[in-house]
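The chain contents come next:
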Amino acid sequence: MATLLRSKLSNVATSVSNKSQAKVSGMFARMGFQAATDEEAVGFAHCDDLDFEHRQGLQMDILKTESEPCGDEGAEPPVEGDIRYQRGGGAPLPPSGSKDQAVGAGGEFGGHDKPKITAWEAGWNVTNAIQGMFVLGLPYAILHGGYLGLFLIIFAAVVCCYTGKILIACLYEENEDGEVVRVRDSYVAIANACCAPRFPTLGGRVVNVAQIIELVMTCILYVVVSGNLMYNSFPGLPVSQKSWSIIATAVLLPCAFLKNLKAVSKFSLLCTLAHFVINILVIAYCLSRARDWAWEKVKFYIDVKKFPISIGIIVFSYTSQIFLPSLEGNMQQPSEFHCMMNWTHIAACVLKGLFALVAYLTWADETKEVITDNLPGSIRAVVNIFLVAKALLSYPLPFFAAVEVLEKSLFQEGSRAFFPTCYGGDGRLKSWGLTLRCALVVFTLLMAIYVPHFALLMGLTGSLTGAGLCFLLPSLFHLRLLWRKLLWHQVFFDVAIFVIGGICSVSGFVHSLEGLIEAYRTNAED
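Predicted, not measured: the structure shown is a model, and the values here were computed from it.

Novice: How should the overall build of the chain be read in this particular structure?
Specialist: Helix and strand content of the chain: 18 helices and two strands. Residues classed as buried in the chain amount to 50% of the 526 residues present. Expressed as a percentage of contacts within the chain between residues at least 6 apart in sequence, the contacts between residues at least 24 apart total 75%. When the accessible surface of the chain is summed, it comes to about 25700 Å², and 66% of that surface belongs to carbon and sulfur atoms.

Novice: Any chance you could explain the packing of helix 15 (residues 396-410) against helix 16 (residues 431-450) here in plain terms?
Specialist: In a packed pair of helices, the relevant descriptors are the angle between the two axes and the axis-to-axis distance. The geometry of helix 15 relative to helix 16 is characterised by a closest axis approach of 11 Å and an angle of 130 degrees between their N-to-C directions. Of the possible angle classes, the one that applies to helix 15 and helix 16 is oblique. Here helix 15 and helix 16 pass one another in a crossing that is right-handed. Each of Phe399, Val403, Leu406 and Glu407 in helix 15 lies in contact with helix 16, whose residues at this interface are Arg437, Leu440 and Val441. Counted by class, the contact of helix 15 with helix 16 contains five nonpolar, no polar and two charged residues.

Novice: Is there a simple way to explain unusual backbone geometry in this structure?
Specialist: Trans peptide bonds make up most of the peptide bonds, and negative phi angles are found at most residues other than glycine. Each neighbour pair has its own omega, and for Ala196 with Pro197 the value is 5 degrees, a cis peptide bond. Assignment of secondary structure puts Pro197 in the loop between helix 6 (187-195) and helix 7 (202-233). Of note, Ala364 is a non-glycine position whose phi angle comes to about 50 degrees, a positive value. Within the secondary structure layout, Ala364 lies in the loop between helix 13 (337-363) and helix 14 (377-394). Looking at Ala364, the relative accessible area reads 8%, which means it is buried.

Novice: Got a minute to help me understand the state of the cysteines in this structure?
Specialist: Counting across every chain of the model gives zero disulfides. Between Cys160, a cysteine without a disulfide, and Cys470, which holds the nearest cysteine sulfur, the sulfur-to-sulfur distance is 4.5 Å. Owing to a relative accessible area of 0%, Cys160 belongs among the buried residues under this scheme. Cys170 takes part in no disulfide bond, and the closest cysteine sulfur, belonging to Cys194, lies 6.3 Å away. Since its relative accessible area comes to 0%, Cys170 is described here as buried.

Novice: Which parts of the structure should I look at to understand a nonpolar patch on the surface?
Specialist: There is a patch of nonpolar side chains on the surface, built from Leu476, Val495, Phe498, Val499 and Ile503 and spanning about 420 Å² of accessible area. The dominant element in the nonpolar patch, judged by the number of residues it contributes, is helix 18 (residues 488-525), at four residues. On the basis of relative accessibility, which here comes to 40%, the residue Val495 falls in the partly exposed class.

Novice: Explain the packing of aromatic side chains to me, please; I cannot follow it from the model alone.
Specialist: Two descriptors summarise a pair of aromatic rings, namely the distance from one centre to the other and the angle between the planes of the rings. In the structure shown here, the tally under the stated rule is nine aromatic pairs. Taking the centre distance of 5.0 Å and the plane angle of 40 degrees together, the rings of Trp120 and Trp343 count as tilted. Separated by 223 residues along the polypeptide, Trp120 in helix 3 (residues 119-130) and Trp343 in helix 13 bring together distant segments of the chain. The interplanar angle of 20 degrees and the centroid separation of 6.1 Å between the aromatic rings of Phe151 and Phe155 together place this pair among those described as stacked. Taken together, the residues Phe151 and Phe155, both in helix 5 (residues 147-169) and four residues apart, mark about one turn of the helix. Each residue in the set Tyr162, Phe492 and Phe493 is aromatic and connected to the rest through ring pairs, giving one cluster.

Rules of the game
- Residues numbered from 1 in each chain as written.
- Predicted model: local features only at pLDDT ≥ 70, side-chain atom pairs only at ≥ 80, totals over all residues.
- Heavy atoms only, no water.
- Helix = DSSP H or I, 4+ residues; strand = E, 2+ residues; numbered from the N terminus.
- Buried < 20%, exposed > 50% of the residue type's maximum accessible area, 1.4 Å probe, protein only.
- Contact = heavy atoms within 4.5 Å.
- Areas by Shrake-Rupley, 256 points an atom, 1.4 Å probe, with all protein chains shown as cover.
- Axes fitted to C-alpha atoms, helices over the stretch in contact; angles between N-to-C directions.
- Parallel < 35°, antiparallel > 145°, perpendicular 65-115°, else oblique.
- Left-handed = near helix turned anticlockwise from the far one by under 90°.
- Nonpolar A, V, L, I, M, F, W, Y, C, P; charged D, E, K, R; others polar.
- Disulfide = S-S within 2.5 Å.
- Patch = residues over 30% accessible without salt bridge, like charges linked within 9 Å, V, L, I, M, F, W, Y side chains within 5 Å.
- Salt bridge = Lys/Arg side-chain N within 4 Å of Asp/Glu carboxyl O.
- Phe/Tyr/Trp six-rings, centres within 6.5 Å; stacked < 30°, edge-to-face > 60°.

So, in structure tokens, the structure goes:
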């Protein structure tokens, strides 16, 4: 009997010792260190099980909070940073009968009744994001990069495809049964998980700031390109580019009253089809002048001062990572996500490369920031009017998304809010909230007036937020969350992308800023 008792006590002591070692090892693992032994790996699995259950509990708490009315006293706000257009996060869900429910709301743990999309539909959404009207600036990138610019279009497609895949991998973890399950549902949730437990909301704040900058800059670019296109379409009229930008903003001012995107979404398919038609028209015109193509102008040298700006332009044209978690979560077959990413980025790479090369060969050193400005007057006016219509109809989407991020981060009711809510008890927008929305529209106008340079702004945005959201953060998050499971070549790829992306981001940002300062001084002298 005594021997049996000693044996049990010894087993209990050994078990307690192993659990303590596992906890200590788990702490080091979360700091980024690799497990050294198989016993430690088993300990990590137990600790990860506990962490998984804890995160599940947090998610259930968040869902309970979401189910409460926004105006109730004492209601805790959802996890900071999650917004409606990211499938979920913490934004309030629309009514069950709302058409918007299938577009942007919901969460991983509560949106199973929503209609799912096929891989083809998901690919169409990605194509819309990376084949938008900003490809009109790619020939200008070839002007300063030559063949290296073409290589960069291919390289950016490969890297953005890879980082999109590893970003989705960060949404998943293994449960206690060894099954891979989805435990996160947005870019913000991944960022917060990387900074937990010391700074559980720091990652979300960083991603939110990057989102706001990119969305607002996108709005500014739409105003800039509208003024630029109209001015070059009707050069005989006594209306300056700034005046055209003011007219465009007057048309866009009703965006401040938007409550949802039902009306705008009806035009999305028409705008996309019109853009493809415009691209075909430009390429057809370029092919008609194939005999005059200036192949000798395409060289291997680069303009050291302006080529970094081209890097930002190319990167910005591929940005889609911010909504990929939402897209993958709404697919009927998430296992087809990798295949979808492959063919969409291959198609984008081929089409962008051909469009940029053919357009540059046609106009060579006379290539302008917006390539349609090189078209003959009769064609240019028609094409540019369609492009302006597309730009104005595209403006509400990034504007509405930026408003939601700002309202969620600064004006959400609860103890974490910086300012009181901008909605009344009846759900209507308060007058001062409407004033702030109008101020945001006017801000995009002022930026477009004082910095009316499409390519430089596009390069600045791509270098600042595009590289961060597409290159730096996905590779960093992948290393942080999946370090113990990565093979050596995956670690090498992630580190290489982070280093190259950091260098391109800094150099592109500095040179774009220098170009803007120089252009501003030139305008001031004139």
